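Next come the chains, spelled out residue by residue.
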Amino acid sequence: MDRFLIRGGRPLHGEIPIGGAKNSALKLLVAGLLTSERLVLSNVPRIDDIATMRVLLAQHGITVEDVGGPGGVPGAGQVLSVGGDIANTEAPYDIVSKMRASILVLGPLLARAREARVSLPGGCAIGTRPVDLHLKGLEALGAEIRLEAGYIDARAPAGLIGARIVLPFASVGATENLLMAATLASGRTEIVNAAREPEIDDLVACLNAMGARVTGAGTGILVIDGVERLHGARHAVVSDRIECGTYACAVGIAGGDVRLVGGQVRHLRAVVRTLEEAGIEVVEEEDAMRVRRSGRLRGVDVMTEPYPGFPTDMQAQFMALFSVAEGASMMTETIFENRFMHVPELNRMGARINVHGSSAIIRGVDSLSGAQVMATDLRASFSLILAGLAASGETMLSRVYHLDRGYEAVERKLSGCGAVIERVSG
């Protein structure tokens, strides 16, 4: 099992390419279920979650072909062609349990094949994240749904029918599932309190390029006028705002000056505001987001919120950053109820973090010390890398398979800017 060995204390200088967004690319691959024609996606990251989704789509008879892209170049992305006839409508447990995003095949399968049998999902252990909003929304569109033996059995013999769906909170996954299903439903669908993340906008843009009729992206109310069929298209995956924010934190905790090529400030307003409050300079350039830090970090109070608020996927990284900031910080998590599992590992490295319910108090220390630590989920794994970049001595991070699910070429990107980090096998 691979591990990362990190020797801290070195500032970062240079450029880091930001790849395509994991949270967008996965959903765009699923959109290939909606047409028999080819959907060609560029800027797709080379990460384990993409490989898992390819296996799942193959299970349904959908082929995903490599059609180009600079091989092995960090951040350059790959080009994939998706499409084909649906040969099987079951998404089995052994695949779905590896990744929660697999639940998103449910809506497209129902819309195109009028039936689906999908295992209840797995993925990161950061909260219950129930799928009831997905199921209630699909029932509103006319689907018949039963839960049996750990599977969702769904049917729509006469096809889906447009409806007005009001989400009790702005669930990203439910918005995406219902949006894709509604593109082939008869009539008009309104999704009220829809999620507004840039990845939703990216999915809408791709669906519209495929012939869908969707308006309202970014407003919280999506209006979908169903069409009989979708066709092929070409679409470039939006850059990964979470990867960009993560490397911005790396510059913040290690010090230095780095251009995050492809990073878009407009997708990271809340993150940029917090970075600046913490004493980190952020400059928007034509093709990059430039991040610099030379002075002392300052503590900041942060609360996670749905977009455009501060993203829950950046909570762990900022907690590592604040662990060496001047003064105290408070991090309040409002999205997932079990997302502080990285705290004991950061404390092993000398951080002073106390958890009280949904909030964590971080009292900044002068320095961290290298230690053996263990990743618990995707974003938490990178928070420990960040701590290792600032720590004295050596940090050994195990269970990096969590990291490989969502970040590409981490050791190459960081070492290219002066960090001392290497992947150790065995």
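What counts and what doesn't
Residues numbered from 1 in each chain as written. Predicted model: local features only at pLDDT ≥ 70, side-chain atom pairs only at ≥ 80, totals over all residues. Heavy atoms only, no water. Helix = DSSP H or I, 4+ residues; strand = E, 2+ residues; numbered from the N terminus. Rg over C-alpha atoms; globule rule 2.2 N^0.38 Å. Buried < 20%, exposed > 50% of the residue type's maximum accessible area, 1.4 Å probe, protein only. Contact = heavy atoms within 4.5 Å. Areas by Shrake-Rupley, 256 points an atom, 1.4 Å probe, with all protein chains shown as cover. Lys, Arg positive; Asp, Glu negative; His and termini not counted. Charge placed at Lys NZ, Arg CZ, Asp CG, Glu CD. Expected span 1.5 Å × (residues − 1). Arc of directions from axis to C-beta. Pairing = 2+ DSSP bridges. Polar contact = N/O pair within 3.5 Å; in protein donor to acceptor, adjacent residues only side chain to side chain. Axes fitted to C-alpha atoms, helices over the stretch in contact; angles between N-to-C directions. Phe/Tyr/Trp six-rings, centres within 6.5 Å; stacked < 30°, edge-to-face > 60°. Lys NZ or Arg CZ within 6 Å of the ring centre and 35° of its normal. Parallel < 35°, antiparallel > 145°, perpendicular 65-115°, else oblique. Left-handed = near helix turned anticlockwise from the far one by under 90°. Nonpolar A, V, L, I, M, F, W, Y, C, P; charged D, E, K, R; others polar. Salt bridge = Lys/Arg side-chain N within 4 Å of Asp/Glu carboxyl O.

*Asks:* Mind laying out the overall build of the protein, listing which residues take part and the relevant values?
*Replies:* A tally of regular secondary structure across the protein gives 14 helices and 24 strands. A compact globule built from 426 residues should have a C-alpha radius of gyration of about 22 Å, and the protein, at 21 Å, falls within 12% of that. The 426 residues of the protein split such that 59% are buried. Long-range pairs, those at least 24 residues apart, make up 75% of the contacts in the protein with a sequence separation of at least 6. About 15700 Å² of surface is accessible on the protein, with carbon and sulfur atoms providing 49% of the total. A distance of 1 Å separates the average location of the 43 positive side-chain charges in the protein from that of its 48 negative side-chain charges.

*Asks:* A description of helix α2 (residues 48-59) should follow, citing residues and the corresponding values.
*Replies:* The terminal C-alpha atoms of α2 lie 17 Å apart, and with 12 residues this matches the ideal 16 Å at 1.5 Å per residue to within 8%. When α2 is considered as a whole, its buried residues turn out to be Asp49, Ile50, Thr52, Met53, Leu56 and Leu57. On an axial view of α2, the arc spanned by its buried residues comes to 160°, and they lie on one face. Among the structural elements, α1 (22-31), β3 (39-44), β4 (63-68), β5 (78-83), β6 (90-91) and α3 (93-96) are those in contact with the buried residues of α2. Gly61 sits one or two positions beyond α2 and adopts a positive phi of about 90°.

*Asks:* Break down the pairing of strand β13 (residues 221-225) for me, with residues and values.
*Replies:* In terms of burial, β13 is a largely internal element, four of the five residues being buried. Where strand β12 (residues 213-215) meets β13, three bridges bridge the pair, whose relative direction is antiparallel. Within the sheet, the bridge partner assigned to Val214 lies in β13 and is Ile224. Hairpin connection from β12 to β13: five residues lie between these consecutive antiparallel strands, with Gly216 at a positive phi of about 95°.

*Asks:* Please give an account of the side chain of Thr246 that cites residues and values.
*Replies:* Checked against the element boundaries, Thr246 lands in helix α8 (residues 241-254). Among the polar contacts made by the side chain of Thr246, one reaches the side chain of Tyr407 at a distance of 2.9 Å. Not counting residues up to four positions away in its chain, the partners in contact with Thr246 are Met314, Gln317, Phe382, Leu386 and Tyr407.

*Asks:* Describe the sheet that holds strand β21 (residues 359-363), and please don't skip the residues or the numbers.
*Replies:* Strand order in the open sheet made by the four strands is β18-β19-β21-β20, with mixed pairing throughout. Looking at strand neighbours, the two that pair on one side only are β18 (302-303) and β20 (352-356), the edges of this open sheet. Judged from the five bridges that link them, β20 and β21 form a sheet pairing that is antiparallel. What sits directly across from Ile353, in β21, is Ile362. Taken strand by strand, helix α10 (residues 315-322) contacts β18, β19 (328-332), β20 and β21, and its axis lies near 170° from that of β19.

*Asks:* Can you tell me about the packing of aromatic side chains, naming the residues and giving the values?
*Replies:* Two numbers describe a pair of aromatic rings. These are the distance of the centres and the angle of the planes. Following the criterion strictly, the structure yields four aromatic pairs and no others. When the ring of Phe310 is compared with that of Phe318, the centres are 5.1 Å apart and the planes differ by 75°; the resulting orientation is edge-to-face. Considered together, Phe310 and Phe318 belong to a single accessibility category, that of buried residues. Taken together, the ring pairs connect Tyr247, Phe382 and Tyr407 into an aromatic cluster. The cationic tip of Arg117 hangs over the ring face of Tyr151; the distance from NZ or CZ to the ring centre is 4.0 Å.

*Asks:* Break down the packing of helix α4 (residues 106-113) against helix α6 (residues 172-182) for me, citing the residues and quoting the values.
*Replies:* At a minimum axis separation of 7 Å, α4 and α6 run at an interaxial angle of 10°. Considered as vectors, α4 and α6 are oriented roughly parallel to each other. Both α4 and α6 take part in a crossing whose hand is right-handed. Judged by residue contacts, Leu106, Gly107, Pro108 and Ala111 of α4 engage Asn177, Met180 and Ala181 from α6. Of the residues in the contact of α4 with α6, the class split is five nonpolar, two polar and no charged.

*Asks:* Please provide a residue-by-residue account of α6, values included.
*Replies:* When you tally the buried positions in α6, you get nine out of 11 residues, the bulk of the element. Considered for burial, the residues of α6 that qualify are Ala174, Thr175, Glu176, Asn177, Leu178, Leu179, Met180, Ala181 and Ala182.

*Asks:* Break down the sheet that holds strand β1 (residues 3-7) for me, with residues and values.
*Replies:* The strand order across the open sheet formed by four strands is β22-β23-β1-β24, and the pairing between neighbours is mixed. Each of the sheet's edge strands pairs with one partner strand only, and the pair in question is β22 (372-374) and β24 (420-424). Taken pair by pair, the neighbouring strands of this sheet meet at an average axis angle of 20°, ignoring direction. Looking at chain direction, β22 and strand β23 (residues 394-398) are connected through three bridges and run parallel.

*Asks:* Any details on the environment of Asp85? Residues and values, ideally.
*Replies:* Relative to the elements of secondary structure, Asp85 occurs in the loop between β5 and β6. Asp85 sits 34 residues away from Ser119 along the chain, and the two C-alpha atoms are 21 Å apart. Setting aside residues no more than four positions away along its own chain, Asp85 makes contact with Ser36, His60, Gly61, Ile62 and Arg112.

*Asks:* Lay out the packing of α6 against helix α7 (residues 198-209) in plain terms, naming residues and giving numbers.
*Replies:* Two numbers describe how α6 lies on α7: the axes approach to 11 Å, and their chain directions differ by 10°. One finds that α6 runs roughly parallel with respect to α7. For the pair α6 and α7, the contacting residues are Val172, Thr175, Glu176, Leu179 and Met180 in the first and Ile200, Leu203, Val204 and Leu207 in the second. Residue classes in the contact of α6 with α7 are distributed as seven nonpolar, one polar and one charged.

*Asks:* Talk me through the pattern of salt bridges; I want residue IDs and the actual numbers.
*Replies:* For the structure shown, the criterion picks out 32 salt bridges. Arg146 serves as the salt-bridge partner of Glu148, at 3.3 Å between the closest nitrogen and oxygen. For Glu148, a relative accessible area of 40% translates into the label partly exposed. A salt bridge links Arg292 to Glu281; the shortest N-O distance between them is 2.7 Å.

Read these as layout, nothing more, since geometry by itself doesn't imply function.
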